[in-house]
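# Coordinates in review
If you want the building blocks of each chain, they are given just below.
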Amino acid sequence: METEALERPADLTIWRTAPASAPLAQPERYETLREAIQAAAGALSDPAKQPWIITEEGEILSPNWIRTYLN
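Source: prediction; values computed, not measured.

### A closer look at the environment of Ala10
With respect to the helices and strands, Ala10 occurs in strand E1 (residues 10-16). Note: C-alpha distance between Ala10 and Ala36 (26 residues apart in sequence) is 6.5 Å. Discounting residues that sit within four places of it in the chain, Ala10 has contacts with Glu28, Arg29, Tyr30, Leu33, Ala36, Ile53, Ile54 and Thr55.

### Structural notes on the packing of helix H1 (residues 33-44) against helix H2 (residues 63-70)
To characterise two packed helices, one gives the angle between the axes of the helices and the distance between these axes. With their axes 10 Å apart at the nearest point, H1 and H2 run at an angle of 105° to one another. Judged by the inter-axis angle, H1 sits roughly perpendicular to H2. Here Ile37, Gln38, Ala40, Ala41 and Leu44 of H1 lie close against H2, whose contacting residues are Pro63, Trp65, Ile66, Arg67, Tyr69 and Leu70. Of the residues assigned to the contact of H1 with H2, the class counts are nine nonpolar, one polar and one charged.

### Remarks on the packing of aromatic side chains
All chains considered together, the criterion is met by one aromatic pair. Aromatic side chains Trp65 and Tyr69 sit 5.3 Å apart centroid to centroid with 5° between the ring planes, which places their arrangement in the stacked category. Taken together, the positions of Trp65 and Tyr69, both in helix H2 and four residues apart, correspond to about one turn of that helix. Look at Trp65 and you get partly exposed, because its relative accessible area is 27%.

### A few points about H1
With 12 residues, H1 extends 16 Å from end C-alpha to end C-alpha; this agrees with the ideal 16 Å at 1.5 Å per step. Taken as a whole, H1 has its buried residues at Leu33, Ala36, Ile37, Ala40, Ala43 and Leu44. Down the axis of H1, the buried side of the element spans an arc of 110°, and every buried residue falls inside it.

Quick notes on the rules
- Residues numbered from 1 in each chain as written.
- Predicted model: local features only at pLDDT ≥ 70, side-chain atom pairs only at ≥ 80, totals over all residues.
- Heavy atoms only, no water.
- Helix = DSSP H or I, 4+ residues; strand = E, 2+ residues; numbered from the N terminus.
- Contact = heavy atoms within 4.5 Å.
- Axes fitted to C-alpha atoms, helices over the stretch in contact; angles between N-to-C directions.
- Parallel < 35°, antiparallel > 145°, perpendicular 65-115°, else oblique.
- Nonpolar A, V, L, I, M, F, W, Y, C, P; charged D, E, K, R; others polar.
- Phe/Tyr/Trp six-rings, centres within 6.5 Å; stacked < 30°, edge-to-face > 60°.
- Buried < 20%, exposed > 50% of the residue type's maximum accessible area, 1.4 Å probe, protein only.
- Expected span 1.5 Å × (residues − 1).
- Arc of directions from axis to C-beta.

See the structure below:
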C-alpha cells in the first residue's frame, strides 16, 4: 500500500458476530485511512466485532489485513 493512501478518506464498518440482537452495522467515514485503522484496532480486541475498511480507491481491507498491518 502506498504511504499517500494512508492520508486519504476511508470508511470503517464494524460487523458483529453476535446474534442478530445487535443493530445493523453502519459505516463510519474517517478523514484518513490511518484514523480508520486506529479505530479498527480497538474493535479487534473484542472477538464479537469484525472491522472492515473500504478505502477511497475501493480496496477492501479485512480484519486479517488490519491485524497484519498493525503488527
